[in-house]
Amino acid sequence: MARRSRWLLLLGALPCLAPAAPGRPAAPSPTLTVYAAASLTKAFADLADSLKTREPGLVVTFNFAGSQQLALQIEQGAPADVFASADQRWMKALSDSGLVAGTPAIFAHNRLVVIVPAAAALARLQDLARPGVKLVLAADAVPVGRYARQALANLSRLAGFAPDFARRALANVVSDEENVKAVVAKVQLGEADAGIAYVSDVTPEIAPHVKRIDIPDAANVIADYPVAVLRRAANPAAAGAFVRLLLSPVGQSVLRANGLVAAAGG
Amino acid sequence: MRGPRRLGGLLWEIGVLAAVGALLAFLGLPLVSLLVRVPPRELWARLAAPASLTALRLSLETSVLATLLVVALGLPAAYLLATRRFPGRRLLEVVVELPMVLPPTVAGVGLLLAFGRAGLAGRALGVLGLSIPFTTLAVVLAQLFVACPFFISSATAGLREVDGRFADAAATLRASPGYAFRHVLLPLAFPSVAAGAAMSWARALGEFGATIMFAGNLPGRTQTLPLAVYIGLQTDLQSAVALSVVLLILSFTILLGLRYAHRFPHAPWVARAPGDTR
């Protein structure tokens, strides 16, 4: 008898293991889940601190990865409240699937920069096309990877660059990384001779380990960062508050402090 | 007395079957889902695409090479662990088993810090003009690192099970240790050695984390099937699923082959294993 009642206890505990039923209207959850491009890691962590002082008790969790990967996860039903993408392409993909509530807002821009290990001999953009240079880019599906390829093509058209500059630089690519932070890590470790990342990726922690080679405005590609509350958000109120904070002067100054370019009118 | 006991037995059987059925459904459902996602004709077209074939060929080449290296380097270690007692034996066992439980990304960072340009061994190689990261060799080394333990533990267990009297008999017949190993010990342990090699191959074929860390991701040079699946997921889901199906079928075939390998316990270089009385 004693043994049987133990079994009953176990059975009673089983529902705890069952996944929460989707779509059930529950009490407003005190957590906010933000899916954001890897390039926003530092800026958004700072913003979360500022949000938590305004809304005590709110737990903010982040998923930082390549925008393309986040978009895929959200399409497959990942429980996100806010999506902040590093380009319009993946935001549009989610919009087209009906997963975005309202209209996405551009909250920031970002510029590209070439980074090389601090001890490297590379000093000029032209060196990227030199034979034997190990160049690391993000994959073409990653926003920064696409921007980087555009920037290389733009450089080929500038005076001082050979017309086949982009082709030769791309022949030097030794790896298509999955997100911008992986590009930075390979340069920081000294395994790659050069990489192309966002200006905002050269954070104070990274800066001592890498050297920046600026890409002139005429060739640089400006990344647009759209943000939106998601239609299936479990906590739309907190999600809305986060987006408003992002677009407010306070949010914009946090973004600027982290190397991003504030959105016009923000 | 008999009634309740028989009822208990019946409940036991039902319980076991229910648990196994649940497990089978849990393990099998993702596999079946992969198989039914892409219709066969489309599957074939996507696999015949140059990008898929490139990844497939690179995967096969690197994993076979890695397995050969695993056997060449792992067999002496297995021999030592199985036949000798020496100080530090347990430590050696732990070191060669560690990659089995280590997260592959940790293995990748370790390989990068060791064989990367700024790494301990990497700097020495750099003097010779060799650079390993981002090369096909890096893919093979990553696979070697993670696949080694599977071979060594299986081969060690197999060699340890061989009755010591066979080795003693060989020694009294003045067989050198090398001769005794090749003609007595290894043939008797052959099924376990072959099983270990097959497991290593399957593990090398599936290797992902250490590879993307250490070798990067470049089609034709370092992009193996698992990497192509991961990158493809973000752009071309159907092709990624098609490649997943290939990996699934390859791994399934290797493991199935393993089960039947035990029916042929002879080492290929001896007509009949000693002690085999069939």
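Analysis parameters
- Residues numbered from 1 in each chain as written.
- Chains lettered and ligands numbered in written order.
- Predicted model: local features only at pLDDT ≥ 70, side-chain atom pairs only at ≥ 80, totals over all residues.
- Helix = DSSP H or I, 4+ residues; strand = E, 2+ residues; numbered from the N terminus.
- Buried ≥ 20, exposed ≤ 12 C-beta atoms within 10 Å, placed from the backbone.
- Contact = placed C-beta atoms within 7 Å.
- Nonpolar A, V, L, I, M, F, W, Y, C, P; charged D, E, K, R; others polar.
- Domains from an automatic or database assignment.
- pLDDT = per-residue confidence, 0-100.
- Axes fitted to C-alpha atoms, helices over the stretch in contact; angles between N-to-C directions.
- Parallel < 35°, antiparallel > 145°, perpendicular 65-115°, else oblique.
- Left-handed = near helix turned anticlockwise from the far one by under 90°.
- Pairing = 2+ DSSP bridges.
- Core = buried A, V, L, I, M, F, W, Y, C linked by C-beta atoms within 7 Å.
- Arc of directions from axis to C-beta.

Asker: How would you explain the overall build of chain B if you had to name every residue and give the values?
Answerer: Looking only at helices and strands, chain B has 12 helices and zero strands in total. The principal-axis extents of the C-alpha atoms in chain B amount to approximately 75 × 60 × 35 Å. Counting every position in chain B, which comprises 278 residues, the buried fraction comes to 36%. For chain B, restricting intrachain contacts to residue pairs at least 6 apart in sequence, the fraction spanning at least 24 positions comes to 77%.

Asker: Let's hear about the overall build of chain A: which residues, and what values?
Answerer: The number of helices and strands found in chain A is nine helices and 11 strands. Here chain A holds 266 residues, and 46% of them are scored as buried. Here the analysis covers contacts within chain A between residues at least 6 apart in sequence; of these, 77% occur between residues at least 24 apart.

Asker: Help me get a handle on the interface of chain B and chain A, residues and values and all.
Answerer: Facing 13 residues of chain B, the contacting portion of chain A comprises 14 residues. Split into classes, the residues belonging to the side of chain B that touches chain A amount to seven nonpolar, five polar and one charged.

Asker: Break down the domain arrangement of chain B for me, citing the residues and quoting the values.
Answerer: All names here are of chain B. According to the domain assignment, chain B contains domain 1 (1–37) and domain 2 (42–261). Summarising the inter-unit geometry, the C-alpha centres of domain 1 and domain 2 are found 34 Å apart. Between domain 1 and domain 2, the contact holds four residues from the first and four residues from the second. Tallied by class, residues from the side of domain 1 that touches domain 2 come to three nonpolar, no polar and one charged.

Asker: Can you lay out the confidence of the model for chain A for me, pointing to particular residues and giving the numbers?
Answerer: Caution is warranted with low-pLDDT regions, since their predicted coordinates should not be read in detail. Looking at chain A as a whole, the pLDDT averages 87, with 88% of positions reaching at least 70. Helix α6 (residues 165–171) of chain A holds the highest mean pLDDT among the elements of chain A, 97, whereas helix α1 (residues 2–13) of chain A holds the lowest, 48.

Asker: Which residues make up the packing of helix α11 (residues 225–233) of chain B against helix α12 (residues 237–261) of chain B, and what are the values?
Answerer: All names here are of chain B. In the contact formed by α11 and α12, the axes pass within 8 Å of each other and the chain directions differ by 155°. In terms of axis orientation, α11 runs roughly antiparallel to α12. In this structure, α11 crosses over α12, and the sense of that crossing is left-handed. Every residue of α12 that contacts α11 at L225, P226, A228, V229, G232 and L233 is listed here: L237, S239, A240, L243, S244, V246 and L247. Tallied by class, the residues present in the contact of α11 with α12 amount to 10 nonpolar, three polar and no charged.

Asker: Account for the packing of helix α3 (residues 50–83) of chain B against helix α7 (residues 136–161) of chain B, with residues named and values stated.
Answerer: Residues and elements named next belong to chain B. For the pair α3 and α7, interaxial distance at closest approach is 6 Å and the crossing angle is 35°. By crossing handedness, the relation of α3 to α7 is classed as right-handed. In terms of residue class, the contact of α3 with α7 is built from 20 nonpolar, eight polar and one charged.

Asker: Can you lay out the sheet that holds strand β2 (residues 59–65) of chain A for me, pointing to particular residues and giving the numbers?
Answerer: Residues and elements named next belong to chain A. With mixed pairing, the six strands of this open sheet are ordered in space as β2-β1-β3-β10-β4-β11. For this open sheet the edge positions go to β2 and β11 (261–262), each flanked by a neighbour on one side alone. Here three bridges tie strand β1 (residues 31–37) to strand β3 (residues 82–84), and the two strands are oriented parallel to one another. Note that in β3 the partner of A36 across the bridge is A84. Contacts from helix α2 (residues 41–54) reach β1 and β2, with the element oriented near 170° to β2.

Asker: Before we move on, could you go through the domain arrangement of chain A and cite the residues and values that matter?
Answerer: Residue and element names in this part refer to chain A. Domain boundaries in chain A define domain 1 (30–109 + 224–262) and domain 2 (112–214). Taken over C-alpha atoms, the centre of domain 1 sits 27 Å from the centre of domain 2. The interface is formed by 14 residues belonging to domain 1 together with 14 residues belonging to domain 2. Breaking the side of domain 1 that touches domain 2 down by element, the ones donating at least two residues are α2 and α3 (67–75). A breakdown of the residues in the side of domain 1 that touches domain 2 according to their chemical character gives six nonpolar, six polar and two charged.

Asker: Tell me what's going on with the nonpolar core, and back it up with residues and numbers.
Answerer: Grouped together as the largest cluster of nonpolar side chains are 150 residues, with contacts concentrated most on A:V82, A:F83, A:L135, B:A142 and B:F151. In terms of residue count, helix α9 (residues 177–206) of chain B provides more of this core than any other element does, 16 residues in total. Ignoring anything within four residues of it in the chain, the contact list for B:F151 reads B:V70, B:V71, B:G74, B:G196, B:A197, B:M199 and B:S200.

Asker: Mind laying out helix α4 (residues 88–96) of chain A, listing which residues take part and the relevant values?
Answerer: Residue and element names in this part refer to chain A. Turning to α4, its buried residues number three or more, namely W90, M91 and L94. Taken around the axis of α4, the buried residues stretch over an arc of 105°, which confines them to a single face. Buried residues along α4 sit against α3, β3, β4 (100–110) and β10 (223–230). Downstream of α4 by a residue or two, G98 has a phi angle that is positive, lying close to 75°.

Asker: Break down the sheet that holds strand β5 (residues 112–117) of chain A for me, citing the residues and quoting the values.
Answerer: Residue and element names in this part refer to chain A. With mixed pairing, the five strands of this open sheet are ordered in space as β7-β6-β8-β5-β9. Every other strand in the sheet has two partners, leaving β7 (173–177) and β9 (210–214) as the edge strands with one partner each. With strand direction ignored, the average angle separating the axes of adjacent strands in the sheet is 30°. Relative to strand β8 (residues 194–198), strand β6 (residues 135–138) is paired through two bridges, and the arrangement is parallel. Note on β8: the bridge partner recorded for V136 is G195. Those strands touched by helix α5 (residues 143–156) are β5, β6, β7 and β8, and its axis lies near 125° from that of β6. Strands in contact with helix α7 (residues 180–188) are β5, β6, β7, β8 and β9; relative to β8, the strand with the most contacts, it is inclined by about 140°.

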